[in-house]
Amino acid sequence: MKEAARQAAFATRKLAHARDEGAASRALTQALAAYPVQPLAGYWPIRTEPDPRPAMTAHHGPLCLPVVVVPGQPLVFRRWHPGAAMEPGAFGAPIPQDKTEITPQILIVPLLAFDARGYRLGYGGGFYDRTLQALRAAGPVIAIGFTYGAQERTEVPTDATDQPLDFIVTEAGIRAF
C-alpha cells in the first residue's frame, strides 16, 4: 500500500516542483525565523524535493545535513555551511566531508506525501522515523516537513514506527499539528 502511494506522490510532486517559483523556500524561511539559533538539520535536495538550502543559509544557528552511517539505524548529522566541501553519500545526496557531528533541535524533513494528522510518507527506509524517535527520547526536537501543498493526502498509510511531524511547510505557508 505504501509503495503505490509513493509512486502517485512522486508524480504529483514532479508537477508541483515544476510550478514552484520559490514560494516554498520563502515560507520555510519564515517558519525557521521562530527558531533563530537552534541547531538546524536540513537536507540536500534530490529528485524533485523542494530546496531547503536558501532557508538554511538565512538561519543564524549551527547547520547540519543528514548522513546514513548504517542502514536500519538513525541518521547522524554533520556540520554544514554554504560552500562546505562535500562527498558522495547514500541515495545520491552529497554529504559534508567535515565529520563533526551536531545534534539538531530542528529538523527539516523531506517527504513524498502528508496528511492532516501530521504523518508523512517517505521513501521507505525509515531513517527519519528512527532518527526522530531517538532524538525525541533524548530531548525536545521539532520536525518540520517541507513539501508542496499538492502532496497532501486524506490519509497516508502508517504503521507503529512512523513518527508524526510538528509542522508542515508548503508554498501556502505553515501548518501545525
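The present account deals with the structure reproduced in this document. The structure displayed is predicted, hence computed values, not measured ones.

A short note on the layout of surface pockets
At step 1: The space that makes up the largest pocket amounts to roughly 660 Å³.
At step 2: Every residue lining the largest pocket is counted, 34 residues in all, and those nearest its centre are F91, P110, Y123, F127 and Y128.
At step 3: Looking at the lining of the largest pocket, the element that brings in the most residues is helix α4 (residues 127-138), giving five residues.
At step 4: Residues that form the lining of the largest pocket fall into these classes: 18 nonpolar, seven polar and nine charged.

Description of the environment of L107
At step 1: Examined against the element boundaries, L107 turns out to sit in strand β6 (residues 106-110).
At step 2: Between the alpha carbons of L107 and R120 there is a distance of 14 Å; along the sequence they are 13 residues apart.

Description of the packing of aromatic side chains
At step 1: Inspection of the entire model under this criterion finds two aromatic pairs.
At step 2: Judged by centre distance (5.7 Å) and plane angle (20 degrees), the ring pair of F10 and Y123 falls under stacked. On the criterion of sequence distance, the pair formed by F10 in helix α1 (residues 2-19) and Y123 in the loop between β8 (120-121) and α4 is long-range, its members being 113 residues apart.
At step 3: Between F91 and F127 the ring centres are 5.9 Å apart and the planes differ by 65 degrees, which places this aromatic pair in the edge-to-face class. With F91 in the loop between β4 (86-87) and β5 (95-96) and F127 in helix α4, the pair connects residues that are 36 residues apart, well separated along the chain.
At step 4: Given a relative accessible area of 59%, F91 falls into the exposed group.

Concerning the environment of M56
At step 1: Along the chain, M56 turns up in helix α3 (residues 53-58).
At step 2: Judged by its relative accessible area of 0%, M56 is buried.
At step 3: For M56 and A41, which are 15 residues apart along the polypeptide, the C-alpha to C-alpha distance reads 8.4 Å.
At step 4: Not counting the four nearest positions on each side in its chain, M56 is found in contact with L40, G42, Y43, L63, C64, L65, W80 and I108.

Quick word on the sheet that holds strand β11 (residues 173-176)
At step 1: Overall, mixed pairing links the seven strands, which are arranged β3-β2-β1-β6-β9-β10-β11 in an open sheet. Taken across any chain shown, the strands that pair with only one partner, and hence form the sheet edges, are β3 (76-79) and β11.
At step 2: In this sheet, β3 lies alongside strand β2 (residues 63-67) in antiparallel orientation, the contact comprising four bridges. By the bridge assignment for β3, V67 is matched with V76.
At step 3: Helix-sheet contacts for helix α2 (residues 23-32) involve β1 (40-41), β6, β9 (142-146), β10 (167-170) and β11, and the interaxial angle to β10 is about 140 degrees.

A few points about the side chain of Q151
At step 1: Topologically, Q151 is positioned in the loop between β9 and β10.
At step 2: Once you skip the residues sitting within four places of it in the chain, Q151 turns out to touch A9, T12, R13, L112, A113 and F114.

Observations regarding the nonpolar core
At step 1: Within the largest apolar cluster, 38 residues are counted, with the highest numbers of intra-cluster contacts made by L28, L32, L107 and I108.
At step 2: Mapped by element, the contributors of at least two residues to this core are α2, β1, α3, β2, β6, α4, β9 and β10.
At step 3: Among the elements that make up this core, the one with the highest residue count is α2 (five residues).
At step 4: Once residues within four sequence positions are removed from consideration, L28 is found in contact with P52, A55, I108, I144, F146 and V169.
At step 5: In this structure, A9, L112, A113 and V156 belong to the second largest nonpolar core, which totals five residues.

So, how was this worked out
- Residues numbered from 1 in each chain as written.
- Predicted model: local features only at pLDDT ≥ 70, side-chain atom pairs only at ≥ 80, totals over all residues.
- Heavy atoms only, no water.
- 1 Å grid on protein atoms, 1.4 Å probe; cavity = no way out; pocket = protein on both sides within 12 Å on 5 of 7 lines; lining within 4 Å.
- Points joined across faces, edges and corners; volume = space filled by probe spheres on them.
- Helix = DSSP H or I, 4+ residues; strand = E, 2+ residues; numbered from the N terminus.
- Nonpolar A, V, L, I, M, F, W, Y, C, P; charged D, E, K, R; others polar.
- Phe/Tyr/Trp six-rings, centres within 6.5 Å; stacked < 30°, edge-to-face > 60°.
- Buried < 20%, exposed > 50% of the residue type's maximum accessible area, 1.4 Å probe, protein only.
- Contact = heavy atoms within 4.5 Å.
- Pairing = 2+ DSSP bridges.
- Axes fitted to C-alpha atoms, helices over the stretch in contact; angles between N-to-C directions.
- Core = buried A, V, L, I, M, F, W, Y, C linked by side-chain atoms within 4.5 Å.

Remember that the coordinates give geometry; whether it matters functionally is a separate question.
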